[in-house]
Amino acid sequence: MLLVTCPYCGPRPEIEFRCGGEAHIARPAEPSKLSDKEWAEFLFVRTNAKGVFAERWNHAHGCQRWFNALRDTASDRFIQTYKVGEKRPDRTPGQERL
Amino acid sequence: MRRFSLLTLLKEATNAHQGWGRQWRAPEPKVGYDAVIVGGGGHGLATAYYLAKEHGMRNIAVLEKGWIGGGNTGRNTTIIRSNYLYDESAAIYEHALKLWEGLSQELNYNVMYSARGVMMLAHNVHDVQSFKRHVYANRLNGVDNEWLTPEEAKEFCPPLNISKRLRYPVMGAALQRRGGTARHDAVAWGYARGADAMGVDIIQNCEVTGIRRGLSGAVEGVETTRGFIRTPRIGVVAAGHTSVIMEKAGVRMPLESFPLQALVSEPVKPVFPCVVMSNAVHAYISQSDKGELVIGAGTDQYVSYSQQGGIHIATHTLDAICELFPQFTRMRMLRNWGGIVDVTPDRSPIIGKTPVQGLFVNCGWGTGGFKATPGSGHVFAHTIAKGEPHPIAAPFTMDRFRTGRLIDEAAAAAVAH
Amino acid sequence: MLKTSHAAHRDLSLPIEQPVTRPDTKAQVVIRPLPAQARFSLRLNEADLEGAQTAAGVTLDIPINTRSGSAERSSIRLGPNEWLLTGPYDDAEVIASQIDAALSGRFYTLVDVSHRNVGITVSGRRAAEVLNSGCPLDLAEAAFPTGMATRTLMGKAEIVLMRLDDTPTYQVECWRSFSTYVRDYLIEAAREFEPSIA
């Protein structure tokens, strides 16, 4: 089980959380102006990165806040978590905060 | 290829089994091939086998970054069934099941396909209605599936607890008698041996590090850890790593890769005659010929390539199994592992062409790829050889996510995803 | 068994049964249901806390996942903008009007959840171990001292867990419909230390 550091509550067990998938996917402001291809891209296509990946988490059985996390998907190690609205930190693997 | 038979077995028995030899070569990669398959799992090897056998393409190679059958082929719970709801799915899984039935003879290799029956338990009114709908839909598609009462289910699988006092009582079950299990490694090995015999190069420890494209955009070859290999056709069959490989050709995929876990118990005498699946409480269980209970757990909630998963996922499944089969509470679990499954938004696979000329992809089998191995390889070989999808594979294009013509097995509710 | 009737009305005090374990000072763990309490769920934006650090006799401006106040009145900060407020059952209307007065002019929501929750205390030397049978949090003194309070899990049920004193005594708050599950879970776990618990 992973330990997830909630920006509000600190390190907590993974079962208190729900993972919300890839972060920083902005909903198009005017969907009707998008082509089918662009809409499919927004709806279905995901980075699915092997390595550093930004994703959304919700502390569902805790403070119930959404936040973002940078995690290395090859090792499952969390690099950093940050609040919604903050910019994705510029970090590469090897700089993990232990 | 030396054919296996009772005669060869007797001959080897008198020779202390010293003469079996290697069943496939370990060739150096050639400068170029007519087609290259990326991924030496069951699906990739089956693709190569049918390309060579049915389409006469023998100057081809299978590139595997580890060892063949070492990914999801060697990590799954070996369940075979074809009772999917939608016509398109039923067609492809039934195509595979028909190939499974004759596969040992076809390959002259015992893949230990055992039609012991796959029973899916219904625990609530919704399950009952949904499973009955599946039974009727399957019959219309010529796929065997039948409805059992709890008592009939108990008769088919005696260890089952059908007490009405359970948290999730058994209200009935859907049974596909032709469903069952096969030996996962043997499937990879059998296809590898058959393909190798027809001249296919199976190159292990050879990781694809890049896909080279020409000025026209068409593929020219693959960069690998063992050098550049020229080829006009690339078939990507890389399961959990599909997004990673496709990204090298500049193609973004509608996929997410999740860890899926399985575990086995200590071996015991035969106690469990069939495969039992319960989607409501999330448990899969069967007994291998070695005697181990083979148990499939769920996927973790996050994208990962780590080939492991959270222990709470496995314990959740064990909780459910102990409730359904109280006699297993005192068994010890031996091994627990994970594989990386590539999941599409509609939980159906993607088989076909890509926007890049010469690049083909077969992926998105999610948690249920093993059962499709022969059918998947068969239709994908056709797609690569002809440059056009096999009729059975035609609905499973990547383009369906643009057109909206989804094959929404995720919403069909009786497949465990 | 705890009563879990949905027919409980504001003017009815909830029927409470005898403690399920003897209130024996030598007991390693004591589990008992709490009497009815007034409870409110308060949502208020963090920015609006300015000038409203206290309300209805309790402090709102406390660190997340802590509890302040007394057995009489307490506030538990569950998140940046969420509090659980408790008080004596008969004070419900008083608390509500005091909150209204303290927060007037601000945007907030106050919901009476008195009947949604059931409280159970778990106390004694082995209390943390009993709770840890179903709760994944680190309950060691350093990580979860008196005054800590948070939403978490007990088995499959969501709970609010707080440490009331150094005995230690913990309070488990769960939703009414989960209460028999949570209670049975705790008793099952407590049997390891107190075999006499029925």
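Residues numbered from 1 in each chain as written. Chains lettered and ligands numbered in written order. Predicted model: local features only at pLDDT ≥ 70, side-chain atom pairs only at ≥ 80, totals over all residues. Heavy atoms only, no water.

Another point: the overall build of chain B. When its secondary structure is counted, chain B shows 11 helices and 19 strands. By the compact-globule yardstick of 22 Å for 417 residues, chain B fits well, its C-alpha radius of gyration being 21 Å. The burial tally for chain B puts 59% of its 417 residues in the buried class. Within chain B, counting contacts between residues at least 6 apart in sequence, those at least 24 apart form 74% of the total. Approximately 16,600 Å² of chain B is accessible, and the part contributed by carbon and sulfur atoms is 53%. Averaged over its 43 positive side-chain charges, chain B has a centre that lies 3 Å from the centre of its 36 negative ones. (Helix = DSSP H or I, 4+ residues; strand = E, 2+ residues; numbered from the N terminus. Rg over C-alpha atoms; globule rule 2.2 N^0.38 Å. Buried < 20%, exposed > 50% of the residue type's maximum accessible area, 1.4 Å probe, protein only. Contact = heavy atoms within 4.5 Å. Areas by Shrake-Rupley, 256 points an atom, 1.4 Å probe, with all protein chains shown as cover. Lys, Arg positive; Asp, Glu negative; His and termini not counted. Charge placed at Lys NZ, Arg CZ, Asp CG, Glu CD.)

Before going further, it helps to examine the interface of chain A and chain B. Contact residues are listed per partner, giving 27 residues for chain A and 24 residues for chain B. Interface area for chain A against chain B, summed over the two sides, is near 2,100 Å², with a carbon-plus-sulfur share of 52%. Of all residues in chain A, Phe44(A), Asn48(A) and Lys50(A) give up the largest surface area on contact with chain B, accounting jointly for 31% of the area buried on that side. At the boundary of chain A with chain B, the tally comes to one salt bridge. Close ionic contact of Glu41(A) with Arg252(B) constitutes a salt bridge, the shortest N to O distance being 3.2 Å. One can count 13 residue pairs in polar contact (both at pLDDT 80 or more) joining chain A with chain B. Every element with two or more residues in the side of chain A that touches chain B is listed here: strand 3 (18-22), helix 1 (36-44) and strand 4 (52-58) of chain A. A class-by-class count of the residues in the side of chain A that touches chain B yields 12 nonpolar, four polar and 11 charged. (Buried area = accessible area lost by both parts, 1.4 Å probe. Salt bridge = Lys/Arg side-chain N within 4 Å of Asp/Glu carboxyl O. Polar contact = N/O pair within 3.5 Å; in protein donor to acceptor, adjacent residues only side chain to side chain. Nonpolar A, V, L, I, M, F, W, Y, C, P; charged D, E, K, R; others polar.)

The next subject is the packing of aromatic side chains. Scanning the entire structure with this criterion turns up 20 aromatic pairs over all chains. Here the aromatic rings of Phe17(A) and Phe67(A) are separated by 5.9 Å at their centres, their planes lie at 85 degrees, and the arrangement is edge-to-face. One end of the pair, Phe17(A), is in the loop between strand 2 (10-13) and strand 3; the other, Phe67(A), is in strand 5 (residues 66-72), and 50 residues separate them in sequence. Pair check on accessibility: Phe17(A) and Phe67(A) agree, each one buried. With a centroid separation of 5.4 Å and an interplanar angle of 65 degrees, the aromatic rings of Tyr49(B) and Tyr191(B) are classed as edge-to-face. Of this pair, Tyr49(B) sits in helix 2 (residues 42-55) while Tyr191(B) is found in helix 7 (residues 184-197), placing the two residues 142 residues apart along the sequence. Taken together, the ring pairs connect Phe17(A), Trp57(A), Phe67(A), Phe78(A) and Tyr302(B) into an aromatic cluster. A cation over an aromatic ring shows up here: Arg71(A) above the ring of Phe78(A), its NZ or CZ 6.0 Å from the ring centre. (Phe/Tyr/Trp six-rings, centres within 6.5 Å; stacked < 30°, edge-to-face > 60°. Lys NZ or Arg CZ within 6 Å of the ring centre and 35° of its normal.)

Quick look at the confidence of the model for chain C now. All names here are of chain C. When pLDDT is averaged across chain C, the result is 86; 86% of the residues are at 70 or more. Mean pLDDT across the elements of chain C ranges from a minimum in strand 3 (residues 54-55), with 88, to a maximum in strand 10 (residues 149-154), with 98. Every residue in residues 1-19 is under pLDDT 50, and counting partners more than four places away or in other chains gives 38 contacts. Scoring of the predicted complex yields 0.91 for pTM and 0.92 for ipTM. (pLDDT = per-residue confidence, 0-100.)

We now examine the sheet that holds strand 11 (residues 227-230) of chain B. All names here are of chain B. If you walk across this open sheet you meet the three strands as 9-10-11, and the pairing is antiparallel. Each edge of the open sheet is held by one strand with a lone partner, namely strand 9 (208-213) and strand 11. This sheet shows a mean twist of 25 degrees between the axes of neighbouring strands, independent of strand direction. The sheet contact formed by strand 9 and strand 10 (residues 219-224) spans five bridges and is antiparallel. Looking at strand 10, one finds that Arg213 is bridged to Val219. (Pairing = 2+ DSSP bridges. Axes fitted to C-alpha atoms, helices over the stretch in contact; angles between N-to-C directions.)

This part covers the pattern of salt bridges. Residue and element names in this part refer to chain B. Applying the stated criterion across every chain yields a total of 36 salt bridges over all chains. Lys53 serves as the salt-bridge partner of Glu106, at 3.1 Å between the closest nitrogen and oxygen. Here Lys53 lies in helix 2 and Glu106 lies in helix 4 (residues 103-107), a separation of 53 residues in the sequence. On the accessibility criterion, Glu106 (34% relative accessible area) is partly exposed.

Take the pairing of strand 18 (residues 350-353) of chain B next. Residues and elements named next belong to chain B. Sheet analysis places strand 18 next to strand 19 (residues 359-363), joined by four bridges and oriented antiparallel. Directly across from Lys353, in strand 19, lies its bridge partner Phe360. Counting the residues that bridge the hairpin from strand 18 to strand 19 gives five residues, and of these Gly358 lies at a positive phi of roughly 90 degrees.

Okay, the environment of Thr299(B) next. Looking at the secondary structure, you find Thr299(B) in strand 16 (residues 293-299). Beyond its immediate stretch of four places on either side in the chain, Thr299(B) contacts Phe258(B), Pro259(B), Leu260(B), Ile313(B), Val341(B) and Thr367(B).

All names here are of chain B. In this structure, Leu45, Leu51, Trp100, Tyr191 and Ile351 are the most contacted members of the largest nonpolar core, which totals 48 residues. Mapped by element, the contributors of at least two residues to this core are strand 1 (35-38), helix 2, strand 2 (60-63), helix 3 (87-101), helix 4, helix 7 and helix 10 (373-386). Per element, the largest residue contribution to this core is seven residues, and it comes from helix 2. Those residues in contact with Ile351, other than ones at most four positions away along the chain, are Ile92, Val361, Asn362, Trp365, Val379, Phe380, Ala393, Phe396 and Thr397. Counting residues in hydrophobic clusters, the runner-up holds 30 residues, among them Ala61, Cys206, Val356 and Phe401. (Core = buried A, V, L, I, M, F, W, Y, C linked by side-chain atoms within 4.5 Å.)

Residues and elements named next belong to chain C. Spatially, the five strands line up as an open sheet ordered 5-6-7-2-8, and their pairing is antiparallel. Every interior strand has two partners, whereas the edge strands, strand 5 (67-69) and strand 8 (108-112), have only one. Each neighbouring strand pair of the sheet contributes to a mean axis angle of 20 degrees, computed without reference to strand direction. Running at roughly 20 degrees to strand 2 (residues 37-44), helix 1 (residues 92-103) makes contact with strand 2, strand 7 (82-88) and strand 8 of the sheet.

To continue, consider the domain arrangement of chain B. All names here are of chain B. Domain boundaries assigned for chain B yield domain 1 (26-82 + 84-109 + 184-253 + 346-403) and domain 2 (118-180 + 256-343). Of note, the centres of domain 1 and domain 2, computed from C-alpha atoms alone, are 28 Å apart. Facing the 28 residues of domain 1 at the interface are 33 residues of domain 2. Interface of domain 1 and domain 2: buried area, both sides summed, is about 2,400 Å²; carbon and sulfur atoms make up 53% of it. Across the domain 1-domain 2 interface, the total number found is two salt bridges. Here Arg178 ties to Glu94 by a salt bridge, and the two come within 2.7 Å at their closest N and O atoms. The interface formed by domain 1 and domain 2 contains 13 residue pairs in polar contact (both at pLDDT 80 or more). Counting residues per element, the side of domain 1 that touches domain 2 draws most heavily on helix 3, which supplies six residues. (Domains from an automatic or database assignment.)

An α-helix turns once per 3.6 residues; consequently, residues spaced three or four apart project the same way. All names here are of chain B. Between its terminal C-alpha atoms helix 5 (residues 125-140) stretches 23 Å, which fits the 22 Å expected from 16 residues at 1.5 Å a residue. Turning to helix 5, its buried residues number three or more, namely Asp127, Val128, Ser130, Phe131, His134, Val135, Ala137 and Asn138. Of the surrounding elements, those touching the buried residues of helix 5 are strand 4 (118-122), strand 5 (146-148) and strand 6 (172-176). Positioned one or two residues after helix 5, Gly142 has a phi angle of 75 degrees, which is positive. (Expected span 1.5 Å × (residues − 1).)

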